[in-house]
Amino acid sequence: ADAKRITLRGEVAGDLCVCADRERLAQVFSNLIGNAVKFTPEGGSIVIRARSRDGHVSFTVADTGPGIGRDQLPHIFDRYWQARAKGREGSGLGLYIAKGIVEAHGGQIWVEVPTTGGTELSFTLRVPGPHSPPGT
């Protein structure tokens, strides 16, 4: 992000807690933020948001990149799938793995393409309940 002069900003609404494997959650964020950095042009921005939502915490990584074509949206979580563009690197497994991790935690993951441009990848994780194991 520094090399491309991309502004990274976090917006966390209150004191939030989720039930999650810390290392797997870090893997999801690494993939989503890494993709945002890869596809955001120099001088752009990325916002990472977290807020409480209906017994879950909703996380969003929003960028000011070119966005994802509407025809490509049904495929972005498919194994080995990549946008058809020059200079793209990677195996096409990152979002597929992120989806598996989120769903294994009982959450959901989705993508939105705002009319103003860019891409927003969001996912939810549940908040700890009264019978959650300690430290989750």
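Calculation notes
- Residues numbered from 1 in each chain as written.
- Predicted model: local features only at pLDDT ≥ 70, side-chain atom pairs only at ≥ 80, totals over all residues.
- Heavy atoms only, no water.
- Helix = DSSP H or I, 4+ residues; strand = E, 2+ residues; numbered from the N terminus.
- Phe/Tyr/Trp six-rings, centres within 6.5 Å; stacked < 30°, edge-to-face > 60°.
- Pairing = 2+ DSSP bridges.
- Right-handed = clockwise from strand over helix to strand, strands pointing away.
- Polar contact = N/O pair within 3.5 Å; in protein donor to acceptor, adjacent residues only side chain to side chain.
- Contact = heavy atoms within 4.5 Å.
- Axes fitted to C-alpha atoms, helices over the stretch in contact; angles between N-to-C directions.

Chemist: What's the story with the environment of glycine 94 in this structure? I'm lost.
Modeler: Within the secondary structure layout, glycine 94 lies in helix H2 (residues 94-104). It is 8.3 Å that separates the C-alpha atoms of glycine 94 and valine 28, two residues lying 66 residues apart in sequence.

Chemist: I'm lost on the packing of aromatic side chains in this one. Help?
Modeler: We describe a pair of aromatic rings using the distance from one ring centre to the other and the angle between the two ring planes. Under the counting rule described, the total for this entry stands at three aromatic pairs. Ring-pair connections join several aromatic residues into one group, and the members of that group are Phe29, Phe59 and Phe123.

Chemist: I would appreciate a short explanation of the pairing of strand E2 (residues 45-53) in the present structure.
Modeler: Relative to E2, strand E1 (residues 7-12) runs parallel, the two sharing six bridges. Looking at the pairing, leucine 8 lines up with isoleucine 46 of E2. With respect to chirality, the unit in which E1 leads through helix H1 (residues 22-39) into the neighbouring parallel E2 is left-handed. Examined bridge by bridge, E2 and strand E3 (residues 56-63) share eight bridges and lie antiparallel to one another. Residue pairing for E3: serine 52 is matched across the bridge by valine 57. Between E2 and E3, which pair antiparallel and follow one another directly, the connecting turn spans two residues, one of which, aspartate 54, has a positive phi of 50°.

Chemist: I would appreciate a short explanation of the side chain of threonine 40 in the present structure.
Modeler: Here threonine 40 lies in the loop between H1 and E2. Of the polar contacts made by the side chain of threonine 40, one reaches the backbone oxygen of alanine 36; its length is 2.6 Å. Beyond its immediate chain neighbours, meaning those up to four positions away, threonine 40 contacts Lys4, Ile6, Ser45, Ile46, Asp63, Thr64 and Gly65.

Chemist: I would appreciate a short explanation of the sheet that holds E3 in the present structure.
Modeler: The strands making up a sheet associate through backbone hydrogen bonding, with each pair oriented either parallel or antiparallel. On the basis of which strands lie adjacent, the open sheet formed by five strands has the order E1-E2-E3-E5-E4 and mixed pairing. At either end of the open sheet lies a strand with only one pairing partner, and these are E1 and strand E4 (109-112). Going from strand to strand, the sheet's axes swing by 15° on average, the running direction of each strand aside. Set on the sheet, H1 makes contact with E2, E3 and strand E5 (119-126); between it and E5 the angle comes to about 170°.

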